[in-house]
Amino acid sequence: MRKLNNTVQRHTSKRFNKAYKWLLSVMVFYQHSSVYAATPTNEQLYDYQNVMWVVIGGLLVFFMQAGFALIEAGSVRSKNTVNVLMKNYTDMAIGGLIFYILGYGLMAGNNPTGYVGQSEFLPEQLSNMQWAHLFFQMMFASTAATIASGAMAERIKFSGYLIGTLMTCGLIYPVVASWAWGGYYGGQGWLTQLGFIDFAGSSVVHSVGGWLALAGIIVLGPRIGRFAPDGTPRLIAGHNLTLVTLGGFILWLAWFGFNAGSTLTSSGNLGKIMLNTHLAGVSAVTAYLLISGVMRKAILLSDTVNISLAGLVAITAGCATMSPVYAIVTGVGACLAYLAVKRLLDNVQMDDAVYAVAVHVGGGVWGTLAAGLFYEGDLFSTQRIIVQLMGIGAMFVWSFGLGMVVYFVIEKTIGLRVLAQHEQRGLDFTEHAEGAYPEFQDSLFSQQTLTERH
């Protein structure tokens, strides 16, 4: 047996040596042939590294769509699951297309006026980094659009929602982004010139999406049965908190790419950005646990997930420019902002199915202000705070104002809200002829009717 093993080892060794020599020969041949270009310079390698980092960040931001889809699906009733998932899937598609055609030029093109880009529409000739920047920003535009989806869930027409998405990704978000981040191909946004700080989009992305959500729920009105005749809020519980929790984890993970990817370079202060991002999320949740305990209130899983997201939204503006201690303060403030906005929405009978306004407006406005308050090396600067407030106000006027116009026009033309009987039956059946849980919904949906509509 030992002799047999030795024989096998000798044959294996010979085969390995032959394979190794062959591979080495191929490598030497290609090294000295014209197939390979000259050895890349250190500068080229650094550029490749930066491109790869931005692309990875963009992929993580793309993954946010899955997180939003799961949170929204779990937060609505089962009869509307397909509708919510369809909105998240298709707003990414049409939003990405319109952003490539129109939005990227408005956002990043040459910006001599400081208000809007004037070049790079439907681009075809860009550098590696410019392509990566376009891809990264396309993911940001989709994020801004999908924020409004959950707020208006269970009563908005699918067609009306998609028109709103086209306006968000093609015009509303790009113009705001040009103010704060514009001039990638020349010029500079007017807010940037003033010294406005919003590193990764507490206001540019999140509060814009939140203001649009607020405009949408005002035009739509509340769901049937959401408020009693005397105005008392009634709970309409979502059907699957497991999906909500998984969506929260996915968003938290993707947020590291959202914030750290915004450096647009792999040599930035990535560790600090990621640490600050995480600290804001965990401190927001911890603050909620303590507040609920002191007030003897139930600790709700839905609020816990939302408050973690509010903390992440808040730190997005100042994650690169504040110390970790103030990142904790920012997270705690985000928790308080979420709870305050949530109560305000209920008191004025505004129905936000997932409390997206509380998360993205509450967290976004507070986080943008905190970025000015806690700017490392220049704490509590009055001038900086004034600039931050100007940015917050300008984005509110543009996003909320234009959002109200867009949704009002949709309502008066093709209609924004579904019929009452469609809302009661469920949008999966009326809008899409497809159920998320067919085994359990046979009594609600006529399979023959569904098949005929396919």
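Residues numbered from 1 in each chain as written. Predicted model: local features only at pLDDT ≥ 70, side-chain atom pairs only at ≥ 80, totals over all residues. Heavy atoms only, no water.

## A short note on a nonpolar patch on the surface
Nonpolar side chains collect at one region of the surface, where Leu97, Ile101, Leu102, Phe121 and Leu122 lie side by side and expose about 420 Å² of accessible area between them. Relative to the helices and strands, isoleucine 101 resides in helix H3 (residues 81–108). (Patch = residues over 30% accessible without salt bridge, like charges linked within 9 Å, V, L, I, M, F, W, Y side chains within 5 Å. Areas by Shrake-Rupley, 256 points an atom, 1.4 Å probe, with all protein chains shown as cover. Salt bridge = Lys/Arg side-chain N within 4 Å of Asp/Glu carboxyl O. Helix = DSSP H or I, 4+ residues; strand = E, 2+ residues; numbered from the N terminus.)

## Describing the pattern of salt bridges
If you walk through the whole model with that rule in mind, you get 10 salt bridges. Residues lysine 342 and aspartate 303 are paired through a salt bridge, measuring 2.8 Å at the closest nitrogen-oxygen approach. In this pair, lysine 342 is assigned in helix H11 (residues 324–347) and aspartate 303 in helix H10 (residues 301–318), connecting sequence segments 39 residues apart. Both residues of the pair, lysine 342 and aspartate 303, count as buried. (Buried < 20%, exposed > 50% of the residue type's maximum accessible area, 1.4 Å probe, protein only.)

## Here's the deal with the layout of surface pockets
When its volume is computed, the largest pocket comes out at roughly 540 Å³. Contributing to the lining of the largest pocket are 25 residues, with Leu235, Ile236, Ser302, Ala353 and Tyr355 lying nearest its centre. Elements with a minimum of two residues in the lining of the largest pocket: helix H2 (42–75), helix H8 (241–260), H10 and H11. The element that contributes the greatest number of residues to the lining of the largest pocket is H10, accounting for four residues. (1 Å grid on protein atoms, 1.4 Å probe; cavity = no way out; pocket = protein on both sides within 12 Å on 5 of 7 lines; lining within 4 Å. Points joined across faces, edges and corners; volume = space filled by probe spheres on them.)

## Some thoughts on empty space enclosed by the protein
Using the criterion set out here, one finds one cavity of 30 Å³ or more in the structure. Its volume calculated, the largest cavity comes out at about 100 Å³. Together, 13 residues line the largest cavity, and Phe68, Ile71, Val354, Ala356 and His360 are the ones closest to its centre. Contributing elements (two or more residues each) for the lining of the largest cavity: H2, helix H4 (128–151), H10 and helix H12 (356–373). For the lining of the largest cavity, the residue count by class is nine nonpolar, three polar and one charged. (Nonpolar A, V, L, I, M, F, W, Y, C, P; charged D, E, K, R; others polar.)

## A few points about the packing of helix H5 (residues 158–181) against helix H13 (residues 382–412)
For the pair H5 and H13, interaxial distance at closest approach is 11 Å and the crossing angle is 160°. Here H13 runs roughly antiparallel to H5, going by the angle between their axes. Relative to H13, H5 is oriented so that their crossing is right-handed. Of the residues in H13, those touching H5 at Gly160, Ile163, Gly164, Met167, Leu171, Ile172, Val175, Val176, Trp179 and Ala180 are Ala394, Met395, Trp398, Ser399, Leu402, Val406, Tyr407 and Ile410. When grouped by side-chain class, the residues that make up the contact of H5 with H13 number 15 nonpolar, three polar and no charged. (Axes fitted to C-alpha atoms, helices over the stretch in contact; angles between N-to-C directions. Parallel < 35°, antiparallel > 145°, perpendicular 65-115°, else oblique. Left-handed = near helix turned anticlockwise from the far one by under 90°. Contact = heavy atoms within 4.5 Å.)

## Concerning unusual backbone geometry
With a phi close to 65°, glutamate 120 is a non-glycine residue in the positive phi region. Secondary-structure assignment places glutamate 120 in the loop between H3 and H4.

## Observations concerning the packing of H11 against H12
Helix-helix packing is described using two parameters, namely the angle between the two axes and the distance between the axes. Packing of H11 against H12 leaves a shortest axis separation of 8 Å and a crossing angle of 140°. In this view, H11 runs oblique relative to H12, as classed from their interaxial angle. Read as a crossing pair, H11 and H12 show a hand that is right-handed. Of H12, the residues touching H11 (which contributes Val329, Thr330, Gly333, Ala334, Ala337, Tyr338, Val341, Lys342 and Leu345) are Val357, Ala358, Val359, Gly362, Trp366 and Ala370. Broken down by class, the residue content of the contact of H11 with H12 amounts to 11 nonpolar, three polar and one charged.

## Side note on H4
Helical geometry: 3.6 residues make up each α-helical turn, so side chains three or four residues apart lie on a common side. End to end, H4 covers 37 Å across 24 residues, agreeing with the expected 34 Å (1.5 Å per residue, within 8%). Most of H4 is tucked away: 20 of the 24 residues are buried. (Expected span 1.5 Å × (residues − 1).)

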